[in-house]
Amino acid sequence: MASAPPSLYVFVYTGDREYAGTGNKINIVLHGKHGQSSKAINLNNMFYKSFARGEVESFKVEEADAKDLDRFVEIEILEIWKTDTFGIFSDDWYLEKIIVENNASHKSFVFPYFRWIKNDEHYFIKHLDTSLPQFEEFWDQRKKELEEKRKIYEYEQKFPNGPVQIKTLPKDENFSVDYMWEINKMKYKLKTKVAWSILISDEFKTLDDMADIFDGVFYKPQTVKDWRCDKAFGRKRLNGINPILIRRFTEIPEKFPVTDAMLGELLEGHSIQQAITLKKLYWTDLAILEGIPSMNGQVLCNPMLLLYVDKEKDLRPVAIQLFQEPGPQNPIFTPLDEPSLWKLVKLWCDHADCCYHQALTHLGLTHLLMEGVALACHRNISPSHPIFKVLAPHFLYIFAINSIALSRLVAPGQWVDQTMAYGATGLVSLATKGFGSWRLNVEGLIPETIKERGVDDRDALPNFFWRDDSLLLFNALKKYVTSYVDLYYDSDETVQEDEEIQGWTSELVKERNQSEGGVGLKGVPGNGSLSSKGDLVDVVTSVIFQCSCSHASANFGQYETYSFPPNYPTMINAQPPTSKNVRVTEDEICQFLPKRRMALGILIVTTILSRKGTNSLGDFEVNYIFDPKAQKLVVELREDLAEIGRKIKARNEKVKHPYTYLLPEDVPNSISI
């Protein structure tokens, strides 16, 4: 039987984004490995096919269009351009990729693009489209593209001295219609369900009355039962949504003059110095809150909290001082004080912790920090660059969600002003203040920040599941990034000669102002001038971890943490205690916590924020990586993440209080909510 004549099949993928399609004429030329080229091939055949959004069109290349098709064993370059179909209308077209299959060689050639095609411009796409700039064959095309991107991805500071953000949201960075629809559908569904509750009195008379707000609409979190418990209060520092503050306590500072006499038997017979030596004491210090403005006379404490690891290996609070300056009106409170007073002091401490979490752990050090990093990446690194391809899935929707957050949550009069003590002005002030102290080589590298904080000893500080899971995930990501970098950089010199990477990291460290046009990051290796593959691995791993794991641990537990006001109050309409003579009942506590309408607003927003709407880590919404060797690394990463997931689940089955925020299957790739 005679074999079928050789032929080529072309599959054209139009991107799934607004206005991506086109009805214009599409032409290609195929360039083979040994210099052979086809003639111009018009993909709009006699049956006329338009290239619609999200669609795949297929074409058969006849031998008349490409003589000696069997010679096209290796197709290296695809040249493409489009022209106006009728001479009167032209629209840009978003090309995702083109795949060419050769039935003679049984080989497939992928030409990924993920860019817009303009009219009458010729674009040259290499097979797999992956190269470092120093090895780029079509340098003028690459340079022109980056020049155009810098005009689209411009820096702007939305508030004085604040982090840099994108000036105008590009159309490429908006939410997909489906994703935006799901968010809005959930919001309106929740608002409809709680509409009846708003008709009831705005006052909560008792805490039981406050707990009834969950009935029929929201699930009741464990915090309704646990908020009074010292052990639950201690766990919040380790495995809550703000685990980045706790540090080992190594000496008694002058501003926190705690004594053995104050603590009595709280240290189980140890002196403070003995407990320090045994690594049993830890603390958080929220001095950064000092001077942050608040709204309507609200008080914002800046407390110090001392915690002790007891014989049962639980972390318990043993001392709290609500302000930085010690004195008669700023005593050190302990669990030995009257129970209702101690309960009140913990409430004020949680309130301060909540303010730090929302402004920095969540918004400032994930959303805003990574927006600047993503912005610098788009401005300096070509989509053809292998590092762009490994980072791009982790930047999905970051510009869009930040734009919505600032306009609908942080803008004057919106959610932050309505529900949080410091309002939008205080939140921005705190975010700006803390942003400048974050260092990529310390806080951005999990093993380093854990060591620097003195919380790396698992025997001394057990049950710190955020630490343990973060290390597992960080090391898996670093393994992946190291292998990936090794594919494309054969030496440290190759990193030094990569002008796009050097341009990116140089822009990361420049001062964050309009004239300098930089992100203002500290701790970037070489102060922005990378000298080794290891430097590049650290930067890329840190960015991926912040966009995925750090955001997940700070974000997806918000409903559990915030939904019951006594557990993590956003606002306290009272004055903090200034002596040990204060007495307060739980029903009185209820009166100065958020009212019904505000509590419902917190429930709705934290329900939406705690929703995971995008793919899990390693399962990318858009696959930019087509190099088979690199694809193998992605598969290995997924296998490593699956094994980590099994380990975490096995541990959670054995512990009384499971930690799930860093289960790989629950960690999205990017900051998309």
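Rules of the game
- Residues numbered from 1 in each chain as written.
- Predicted model: local features only at pLDDT ≥ 70, side-chain atom pairs only at ≥ 80, totals over all residues.
- Heavy atoms only, no water.
- Helix = DSSP H or I, 4+ residues; strand = E, 2+ residues; numbered from the N terminus.
- Rg over C-alpha atoms; globule rule 2.2 N^0.38 Å.
- Buried < 20%, exposed > 50% of the residue type's maximum accessible area, 1.4 Å probe, protein only.
- Lys, Arg positive; Asp, Glu negative; His and termini not counted.
- Charge placed at Lys NZ, Arg CZ, Asp CG, Glu CD.
- Pairing = 2+ DSSP bridges.
- Contact = heavy atoms within 4.5 Å.
- Axes fitted to C-alpha atoms, helices over the stretch in contact; angles between N-to-C directions.
- Phe/Tyr/Trp six-rings, centres within 6.5 Å; stacked < 30°, edge-to-face > 60°.
- Lys NZ or Arg CZ within 6 Å of the ring centre and 35° of its normal.
- Expected span 1.5 Å × (residues − 1).
- Salt bridge = Lys/Arg side-chain N within 4 Å of Asp/Glu carboxyl O.
- Polar contact = N/O pair within 3.5 Å; in protein donor to acceptor, adjacent residues only side chain to side chain.
- Parallel < 35°, antiparallel > 145°, perpendicular 65-115°, else oblique.
- Left-handed = near helix turned anticlockwise from the far one by under 90°.
- Nonpolar A, V, L, I, M, F, W, Y, C, P; charged D, E, K, R; others polar.

A. The arrangement of the overall build of the protein chain in detail. Across its full length, the protein chain holds 21 helices and 15 strands. In summary, the protein chain has a C-alpha radius of gyration of 28 Å against a globular reference of 26 Å for 673 residues, a match within 12%. Projecting the C-alpha coordinates of the protein chain onto the three principal axes gives extents of approximately 95 × 60 × 55 Å. In the protein chain, buried positions account for 58% of the 673 residues. Between the mean site of the 78 positive side-chain charges and the mean site of the 92 negative ones, the protein chain shows a separation of 3 Å.

B. Region of interest: the sheet that holds strand 12 (residues 281-285). One open sheet accounts for five strands, arranged 11-12-13-14-15; its pairing is antiparallel. Bordering the open sheet on either side are strand 11 (247-248) and strand 15 (332-333), each of which pairs with just one other strand. Across six bridges, strand 13 (residues 304-309) lies against strand 14 (residues 315-321) in antiparallel orientation. Looking across to strand 14, one finds that Leu306 is bridged to Ala319. Against the sheet, helix 5 (residues 230-239) touches strand 12, strand 13 and strand 14, its axis set at about 90 degrees to strand 14. Lying on the sheet, helix 8 (residues 339-380) is in contact with strand 13, strand 14 and strand 15; it crosses strand 14 at an angle near 85 degrees.

C. Quick look at the packing of aromatic side chains. Counting across every chain of the model gives 22 aromatic pairs. Plain terms: the ring middles of Phe51 and Trp93 are 5.3 Å apart, the flat faces sit at 50 degrees to each other, and that makes the pair tilted. Placement of the pair is Phe51 in the loop between strand 3 (41-42) and strand 4 (56-61) and Trp93 in strand 6 (residues 93-102), with a sequence separation of 42 residues. One exposure class covers both Phe51 and Trp93, and it is buried. Judged by centre distance (6.4 Å) and plane angle (50 degrees), the ring pair of Tyr480 and Tyr484 falls under tilted. With a gap of four residues between them, Tyr480 and Tyr484 both fall in helix 14 (residues 465-488), about one helical turn apart. When its relative accessible area of 1% is taken as the criterion, Tyr484 is described as buried. Pairwise contacts between aromatic rings join Phe114, Phe388, Tyr624 and Phe626 into one cluster. Over the ring of Tyr94 we find Arg17; its NZ or CZ atom is 4.0 Å from the centre of that ring. Sitting above the plane of the Tyr113 ring, Arg115 keeps its charged end 4.3 Å from the centroid.

D. Local environment of helix 12 (residues 423-435). Between the first and last C-alpha of helix 12 there are 18 Å, a value that for 13 residues agrees with the 18 Å anticipated at 1.5 Å per step. All of the buried residues along helix 12 are Gly423, Ala424, Gly426, Leu427, Val428, Leu430, Ala431, Thr432, Gly434 and Phe435. Packed against the buried residues of helix 12 are helix 8, helix 10 (398-410) and helix 11 (415-419).

E. A look at the side chain of Asp469. Within the secondary structure, Asp469 is located in helix 14. Residue classification places Asp469 among the buried residues on the basis of a relative accessible area of 1%. In contact with Asp469, other than residues within four places in its own chain, are Ile648, Arg651, Tyr659 and Leu662.

F. The arrangement of the pattern of salt bridges in detail. This structure, assessed with the given rule, holds 39 salt bridges. Where Arg247 meets Glu452, a salt bridge forms, and the shortest distance between an N and an O atom there is 2.9 Å. Taken together, the residues span a long stretch of sequence, with Arg247 in strand 11 and Glu452 in helix 13 (residues 446-452) at a distance of 205 residues. For Glu452, a relative accessible area of 37% translates into the label partly exposed. In this structure, Lys279 engages Asp457 in a salt bridge whose closest nitrogen and oxygen atoms are separated by 3.2 Å. Of the two residues, Lys279 sits in the loop between helix 7 (272-277) and strand 12 while Asp457 sits in the loop between helix 13 and helix 14, which places them 178 residues apart along the sequence. Judged by relative accessible area, Lys279 falls into the partly exposed class, the value being 29%. Salt bridges linked by common partners bring Arg115, Asp129, Glu145 and Lys389 together as one network.

G. How the structure looks around the environment of Arg237. Residue placement: Arg237 occurs in helix 5. A relative accessible area of 2% means that Arg237 is categorised as buried. For Arg237 and Ala599, which are 362 residues apart along the polypeptide, the C-alpha to C-alpha distance reads 23 Å. Dropping the residues within four chain positions of it, Arg237 is found in contact with Asn242, Pro243, Ile246, Thr284, Leu305, Leu307, Asp350 and Asp353. Side-chain polar atoms of Arg237 contact the side chain of Asp350, separated by 2.7 Å.

H. Looking closely at the sheet that holds strand 8 (residues 123-126). The strand order 3-2-5-8 describes an open sheet built from four strands, whose pairing is antiparallel. If you trace the sheet from one side to the other, it starts and ends with strand 3 and strand 8, each paired once. Bridge count for strand 5 (residues 75-83) against strand 8 is four bridges, and the pairing is antiparallel. Bridge pairing in strand 8 places Ile80 opposite Tyr123.

I. Region of the structure containing the packing of helix 5 against helix 8. Helix 8 packs onto helix 5 with a crossing angle of 15 degrees between their chain directions and a minimal axis gap of 12 Å. One element, helix 5, and the other, helix 8, form an angle in the roughly parallel class. Handedness of the crossing formed by helix 5 with helix 8: left-handed. The residues of helix 8 that touch helix 5, namely those facing Asp230, Phe233, Lys236 and Arg237, are Trp342, Lys346, Cys349, Asp350 and Asp353. Here the contact of helix 5 with helix 8 is built from residues that sort into three nonpolar, no polar and six charged.

J. Spatial organisation of the environment of Lys158. Relative to the elements of secondary structure, Lys158 occurs in the loop between strand 9 (155-157) and strand 10 (164-166). When its relative accessible area of 39% is taken as the criterion, Lys158 is described as partly exposed. When the C-alpha atoms of Lys158 and Phe626 are compared, they prove to be 37 Å apart, with 468 residues separating the residues in sequence. In contact with Lys158, other than residues within four places in its own chain, are Gln165, Ile166, Lys167 and Leu406. Polar contacts involving the side chain of Lys158 include one to the main-chain carbonyl oxygen of Ile166, which spans 3.0 Å. Here the side chain of Lys158 touches Lys167 through a polar contact of 3.3 Å, landing on its backbone oxygen.

In short, geometric facts, not functional conclusions.
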